[in-house]
Amino acid sequence: HKNCREWWYATGYLNDEAGNFYSFQFTLLHLGFRVCTPKVVMVALTDFQTGRHYYLQRTKLFSGEITVNEHRVACGGVASVQKNTRGMDFALRHKDFQLRLFANYGKGAFWHCDNGKLQMALPQQKETTLYYSYPNMPCEGKLTLEGRTFSVKGKAWFDKQGGTYSLWKPQTHWEWFSLRFYDDEEMMLFSFPQSNYQDGTYITAAGTRERLNDYQIKTTKEIIKNGYRWSSGWSLFVPGKKEERYTITPILEGNMNFAYFEELCDIKNENGESVGLCFVELLPGVRNKLGGGNDMAKLFKSIEY
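**Q** Teacher, can you tell me more about the overall build of the protein here?
**A** Assigned secondary structure in the protein consists of one helix and 25 strands. Here the C-alpha atoms of the protein give a radius of gyration of 18 Å, agreeing with the 19 Å that 2.2 N^0.38 yields for 305 residues. Taking all 305 residues of the protein together, the buried fraction comes to 56%. Accessible surface, the protein as shown: approximately 13300 Å² in total, 49% of it carbon and sulfur. Between the mean site of the 37 positive side-chain charges and the mean site of the 33 negative ones, the protein shows a separation of 7 Å.

Rendered as structure tokens:
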């Protein structure tokens, strides 16, 4: 892990017993530098009934409250992911919500891109990451939100990715798409529009995977948020795969988490039918010219609300 930029990441969507809809996120970001290894812990919940996004971020310069080993990733009382023989236990804590879930391993884990290797747009050997996911994890548990507790069920996706690439170069900034189709198939698309480079993975319902880099994804809408431009709608063409043509549209306009923009989107086919959900993660260097210290200070700030 020395000198690596890497992260442990989980997202999912949930329904409660009344049919209300939520999404959640957990991220532990490890910033490996020569002199120190700061870590950033993020937890989030979006309530699609009220449109409210709950977010907590903690930055740790040292590893006192951080646990990372083969079976557990945790930060104090804020968040933890615990592996066991059947799946993973997630626990997220915010001043306004608590979420506890058990996620079955589902189809299991899959290497992405070139047998786990993703070139981060630039051709240099060090500009790479290793990347795998558990893409289809049925989950259930309890959500306590603003003093009310209820049962929830849904689907989770767990990622582990990292390498020696340069996070600070705009050329390595990405637009990432985690497409989760209702027929239990998935696509992971890693696009670098400013570098004209892309890669990805297609995972079938039967549990086979193949590299997916012959696709076209185009931004159809942009918005300004937090003073930066972001994509906010896409058309997708995947030749020879499934229904081939899709539109990806945010359910709610996204939210700034740490230094990136994240949102849950609806996937529609050419007939306008909803066929899945897609988490999208956007980095600022794709659509913005970043200008040094002031931009970095603005982007890499600690937020708690």
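**Q** Mind showing me how you'd approach the layout of surface pockets here?
**A** Over the atoms, a rolling probe the size of a water molecule traces out where space has been left empty. The volume enclosed by the largest pocket comes to roughly 220 Å³. Lining of the largest pocket is provided by 15 residues; of these, Trp8, Asn69, Glu70, Val73 and Tyr132 occupy positions nearest its centre. Counting only elements with at least two residues in the lining of the largest pocket, the list comes to strand E6 (72-75), strand E7 (79-83), strand E12 (128-145) and strand E13 (148-163). Looking at the lining of the largest pocket, its residues break down into eight nonpolar, three polar and four charged.

**Q** So what exactly am I meant to see when it comes to the packing of aromatic side chains here?
**A** The description of two aromatic rings rests on the distance between their centres and on the angle between their planes. Applying the stated criterion to the full structure yields 21 aromatic pairs. Taken together, the ring pairs connect Trp7, Tyr131, Tyr165, Trp174, Phe190, Phe192 and Tyr197 into an aromatic cluster. We note Lys242 situated over the ring of Phe181; from NZ or CZ to the ring centre the distance is 4.7 Å. Over the ring of Phe237 we find Arg245, and its NZ or CZ is 4.0 Å from the ring centre.

**Q** In this structure, what is going on with the side chain of Ser80? I would like to understand it.
**A** The topology assignment puts Ser80 in strand E7. On the basis of relative accessible area, Ser80 is assigned to the buried category, the value being 12%. Not counting the four nearest positions on each side in its chain, Ser80 is found in contact with Arg72, Val73, Ala74, Asp89, Phe90 and Ala91.

**Q** I keep staring at empty space enclosed by the protein and nothing clicks. Help me out?
**A** Going through the model one piece at a time under the given rule, you end up with four cavities of 30 Å³ or more. Counted as a void, the second largest cavity has a volume near 150 Å³. Forming the walls of the second largest cavity are 18 residues, and the residues nearest its centre are Ser23, Thr46, His53, Asn255 and Glu263. At the level of secondary structure, the elements contributing two or more residues to the lining of the second largest cavity comprise strand E2 (21-31), strand E3 (39-47), strand E23 (255-257) and strand E24 (260-268). The class makeup of the residues in the lining of the second largest cavity is eight nonpolar, seven polar and three charged.

**Q** Sorry, what's going on with unusual backbone geometry here?
**A** For residues other than glycine, phi is negative in most cases, and the peptide bonds are mostly trans. At Asp184, a residue that is not glycine, the phi angle is positive and equals roughly 70 degrees. Classification of Asp184 as partly exposed rests on a relative accessible area of 32%. Not every positive phi belongs to a glycine, and Glu244 is a case in point at roughly 70 degrees. With respect to the helices, strands and loops of the structure, Glu244 is situated in the loop between strand E21 (234-237) and strand E22 (245-250).

**Q** Can you help me understand the nonpolar core in this one?
**A** The nonpolar side chains of a soluble globular protein tend to be buried, and buried together. Counting 35 residues, the largest nonpolar core has Phe26, Phe90, Leu99, Leu143 and Phe158 as the members making the most contacts within it. At five residues, the largest contribution of residues to this core is made by E12. With residues up to four places along the chain from it excluded, the contact list for Phe90 reads Ala10, Ser80, Val81, Leu99, Arg100, Leu101, Ala103, Ala156 and Phe158. One finds Ala121, Tyr165, Leu167 and Leu264 within the second-largest nonpolar core, a separate group that totals 31 residues.

**Q** Quick question: what am I supposed to make of the pattern of salt bridges here?
**A** Close approach of charged atoms allows side chains with opposite charge to pair. Throughout the structure, instances matching the rule amount to 16 salt bridges. Between Lys241 and Glu210 there is a salt bridge, and its shortest N-O distance comes to 3.3 Å. Of this pair, Lys241 sits in the loop between E21 and E22 while Glu210 sits in strand E17 (residues 209-211), and the two are 31 residues apart along the sequence. Under the relative-accessibility criterion, Lys241 is labelled buried at 16%. Across the pair Lys221 and Glu253 runs a salt bridge, and its minimum N-O distance is 3.3 Å.

**Q** Just to check I follow, could you spell out the environment of Thr172 for this structure?
**A** Of note, Thr172 is situated in the loop between E13 and strand E14 (175-181). Distance from Thr172 to Gly254, taken between C-alpha atoms, is 21 Å for residues 82 residues apart in sequence. Each residue touching Thr172, except ones within four places of it in the same chain, is listed here: Met120, Leu122, Glu127, Tyr165, Ser166, Leu167, Phe192 and Gln194. A distance of 2.6 Å separates a polar side-chain atom of Thr172 from the backbone oxygen of Ser166.

**Q** Hey, could you run me through the pairing of E24 in this one?
**A** Consecutive residues of a regular strand have side chains that alternate between opposite faces of the sheet. A large share of E24 lies buried, amounting to eight of its nine residues. Here E22 runs beside E24; their pairing, made up of four bridges, is antiparallel. Within the sheet, the bridge partner assigned to Thr249 lies in E24 and is Asp266. As paired strands, E23 and E24 are joined by three bridges and run antiparallel to one another. Its bridge partner lying in E24, Asn257 is registered against Tyr260. Where E23 hands over to E24, the hairpin turn is made up of two residues, of which Phe258 adopts a positive phi near 55 degrees. Here E24 pairs with strand E25 (residues 274-282) via eight bridges, running antiparallel. If you follow Asp266 over to E25, its bridge partner there is Leu277.

The rules behind each value
Residues numbered from 1 in each chain as written. Predicted model: local features only at pLDDT ≥ 70, side-chain atom pairs only at ≥ 80, totals over all residues. Heavy atoms only, no water. Helix = DSSP H or I, 4+ residues; strand = E, 2+ residues; numbered from the N terminus. Rg over C-alpha atoms; globule rule 2.2 N^0.38 Å. Buried < 20%, exposed > 50% of the residue type's maximum accessible area, 1.4 Å probe, protein only. Areas by Shrake-Rupley, 256 points an atom, 1.4 Å probe, with all protein chains shown as cover. Lys, Arg positive; Asp, Glu negative; His and termini not counted. Charge placed at Lys NZ, Arg CZ, Asp CG, Glu CD. 1 Å grid on protein atoms, 1.4 Å probe; cavity = no way out; pocket = protein on both sides within 12 Å on 5 of 7 lines; lining within 4 Å. Points joined across faces, edges and corners; volume = space filled by probe spheres on them. Nonpolar A, V, L, I, M, F, W, Y, C, P; charged D, E, K, R; others polar. Phe/Tyr/Trp six-rings, centres within 6.5 Å; stacked < 30°, edge-to-face > 60°. Lys NZ or Arg CZ within 6 Å of the ring centre and 35° of its normal. Contact = heavy atoms within 4.5 Å. Core = buried A, V, L, I, M, F, W, Y, C linked by side-chain atoms within 4.5 Å. Salt bridge = Lys/Arg side-chain N within 4 Å of Asp/Glu carboxyl O. Polar contact = N/O pair within 3.5 Å; in protein donor to acceptor, adjacent residues only side chain to side chain. Pairing = 2+ DSSP bridges.

Without other data, these values stay purely geometric and don't point to any function.
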